[in-house]
Amino acid sequence: MLSCSPTSTHHPHSTSSQHSHPQTQTDRHPSNAPTMASEKSSSDLTLLDFWVSPFGQRVRIALAEKSLPYEYVEEDLLAGKSERLLQSNPVHKKIPVLLHGGKPVNESLIIVQYLDEAFPDTPSLLPSDPYARAQARFWADYVDKKVYDCGSRLWKLKGEPQAQARAEMLEILKTLETELGDKEFFGGEHGFGFVDAAFAPFTPWFMSYEKYGEFKVAEVAPKIAAWAERVGKRESVAKSLYSPDKVYDFIGVLKKMYGIE
Amino acid sequence: MSSPAAVKVIGAFDSPFSHRAEAALRLKGVPYELILEDLRNKSELLLTHNPVHKKVPVLLHGDRPAICESLVIVEYVDEAFQGPLLMPADTLARAAARFWASFMDKECGESMWMALWTDGEAQAAAARETKTNLTLIEGQLPVGKRFFGGDAIGYLDIALGWIAHWMRVFVEISGARLLTEEEHPVLCRWAREYTADETVRQCLPDRDRVIAALTPRKELYISIAKAMAAQR
């Protein structure tokens, strides 16, 4: 999984007001950040996001798959939350938040479904058949429930609790391996789909999981490893994700913040 | 499109999640067979059809592999069968309905549980959080309408159904002051409307039976809540 050198670029720029750190953008952004022409979008879409968030990246991937222009706004979460974010998502106060004509949509998977429904003339991520949609929702929900939490415990904890997290992560990867099977994408006949978009942002985190958990995805779940390589080459994914090294460094920053050795 | 293939639900009589699947099917007018599980002694059938989570409800439609997770089932039933739409028509309203259902399931559970089953400062803090959450949810009821879905029961009513029925049961068993007329009159009114609905009533477990079944588990609930509080 390589850092992105995309064909289209975006400049994350924050319009957040008093609560964000003034040096936000240049300090937080890796020098080879994906950049995008910062046009005021004709589809009237704004995304409040945080560069390394796998949840935000799902939305970026969906927007790219649909070739929808949007304004990207970086929220520097490590410095505090902007007024705009707090107003757009007063309940959770979390990114990503999609603003469509100023109206907020929250929660990454909900946003992706919303994009499918609001822009029906663009390539959809969910298939059209109700049964296939149900299975896609189930597996995206599985990724949502399991991967980030378990991964966090891997790098946060030590000793027995970490060993448990490791065992769980292997279980998760094997379960997803079984679901993927010999398909090119989780979306199967549909092609790159909802579950692919849901899980792809975690592929740069594999290296960190491997380091902290002392295992290799390629050994535990070879089909998942091969899938990760395939999706990594897809344009929408490549330009939305950061390199495994950047993710690893970011985890280091978090650990310092939490006072974890 | 409606299908002649048989529909079965693997559920449990006192499970609010199981209720969601049944409510959706009944509101769409889809006949189904209910297979009841004893959750303390899970059957081969359940474990085979939901190997990932091993939970109810599970929906079986014809001979296709099972559909699991209650909210996934509700959306499937809405899309696969004819009948009044459970999801709102407007795309933003759909996103909002999904958001509040997810909020209920992911964010409210722990604090509600602690508000019910702990005591002292932990309980007071959890009760404050729960009341804030209930107020937020209450605020989603369209003004002048009986249900979150408007004039008819919809996806969000079904998702929040456990507040209407189970929470009142838990409140009675625990004695906690939550979901009161004074603090949440609109939500209480909705709870009465939902549980009184002709169709929904048929898949709500009898209140007294649920109280009788769950009261013996009070000590267990308290110990779970204490463990949650210790982790915070």
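Residues numbered from 1 in each chain as written. Chains lettered and ligands numbered in written order. Predicted model: local features only at pLDDT ≥ 70, side-chain atom pairs only at ≥ 80, totals over all residues. Heavy atoms only, no water.

Looking up chain B in an unreviewed UniProt entry gives the name glutathione transferase, with the organism given as Lolium multiflorum. Taken verbatim from the UniProt record of chain B, the Catalytic activity (unreviewed entry) comment is "RX + glutathione = an S-substituted glutathione + a halide anion + H(+)". (UniProt positions renumbered as here; feature names shortened; annotations may be inferred.)

Going by an unreviewed UniProt entry, chain A carries the name Probable glutathione S-transferase GSTU1 and comes from Lolium multiflorum. Of chain A, the UniProt comment under Function (unreviewed entry) reads exactly: "Conjugation of reduced glutathione to a wide number of exogenous and endogenous hydrophobic electrophiles."

**Notes on the pairing of strand 1 (residues 45–49) of chain A**
All names here are of chain A. Of all the five residues making up strand 1, five are buried; the element is thus mostly covered by neighbouring parts of the structure. Direction of pairing for strand 1 relative to strand 3 (residues 97–100): antiparallel, over a ladder of four bridges. The partner of Leu47 across the bridge, within strand 3, is Leu98. Sheet analysis places strand 1 next to strand 2 (residues 71–74), joined by four bridges and oriented parallel. The residue of strand 2 that forms the bridge with Leu47 is Tyr72. (Buried < 20%, exposed > 50% of the residue type's maximum accessible area, 1.4 Å probe, protein only. Helix = DSSP H or I, 4+ residues; strand = E, 2+ residues; numbered from the N terminus. Pairing = 2+ DSSP bridges.)

**Examining the side chain of Thr122 of chain A**
Tracing the backbone shows Thr122 of chain A in the loop between helix 4 (108–118) and helix 5 (130–156). For Thr122 of chain A, the side chain forms a polar contact with the side chain of Lys66 of chain A, separated by 3.2 Å. (Polar contact = N/O pair within 3.5 Å; in protein donor to acceptor, adjacent residues only side chain to side chain.)

**A look at the nonpolar core**
Residues Leu115, Leu173, Phe199 and Ile224 of chain A together with Ile137, Ile163 and Trp190 of chain B are the most contacted members of the largest nonpolar core, which totals 160 residues. Two domains share this core, each providing at least three of its residues, namely domain 1 (7–80) and domain 2 (91–231) of chain B. Contacts of Phe199 of chain A, omitting those with residues within four sequence positions, involve Val143, Val147, Leu173, Leu176, Phe186, Phe206, Ile224 and Trp227 of chain A. (Core = buried A, V, L, I, M, F, W, Y, C linked by side-chain atoms within 4.5 Å. Domains from an automatic or database assignment. Contact = heavy atoms within 4.5 Å.)

**Examining the UniProt feature "domain: GST C-terminal" (unreviewed entry) in chain B**
Per the UniProt annotation, the sites labelled "domain: GST C-terminal" (unreviewed entry) are residues 90–214 of chain B. Note that residues 90–214 of chain B is 72% helix and 0% strand, and that its end C-alpha atoms are spaced 39 Å apart.

**Quick notes on the environment of Trp166 of chain B**
All names here are of chain B. Among the structural elements, Trp166 can be located in helix 6 (residues 155–174). Judged by its relative accessible area of 1%, Trp166 falls in the buried class. Along the backbone, Trp166 and Ala80 are 86 residues apart, and their C-alpha atoms lie at a distance of 28 Å. Apart from residues lying up to four places away in sequence, Trp166 is in contact with Asp14, Ser15, Pro16, His19, Gly161, Leu204, Pro205 and Val210.

**Quick word on the interface of chain B and chain A**
Interface size, as often reported, equals the accessible area lost upon joining of the parts. Each partner contributes residues to the interface: chain B has 25 residues there, and chain A has 29 residues. Between chain B and chain A the total buried area reaches about 2,300 Å² when both faces are included, carbon and sulfur atoms providing 65% of it. A per-residue breakdown of the area chain B buries against chain A is headed by Leu92, Arg98 and Phe99 of chain B, which together make up 24% of the total. A salt bridge links Glu79 of chain B to Arg133 of chain A, with the shortest nitrogen-to-oxygen separation between them at 2.8 Å. Counting every contact that joins chain B to chain A gives eight residue pairs in polar contact (both at pLDDT 80 or more). When residues of the side of chain B that touches chain A are traced back to their parent elements, those giving at least two are strand 4 (67–68), helix 3 (70–80) and helix 4 (91–117) of chain B. When residues of the side of chain B that touches chain A are assigned to their parent elements, the largest contribution, 11 residues, is made by helix 4 of chain B. (Buried area = accessible area lost by both parts, 1.4 Å probe. Salt bridge = Lys/Arg side-chain N within 4 Å of Asp/Glu carboxyl O.)

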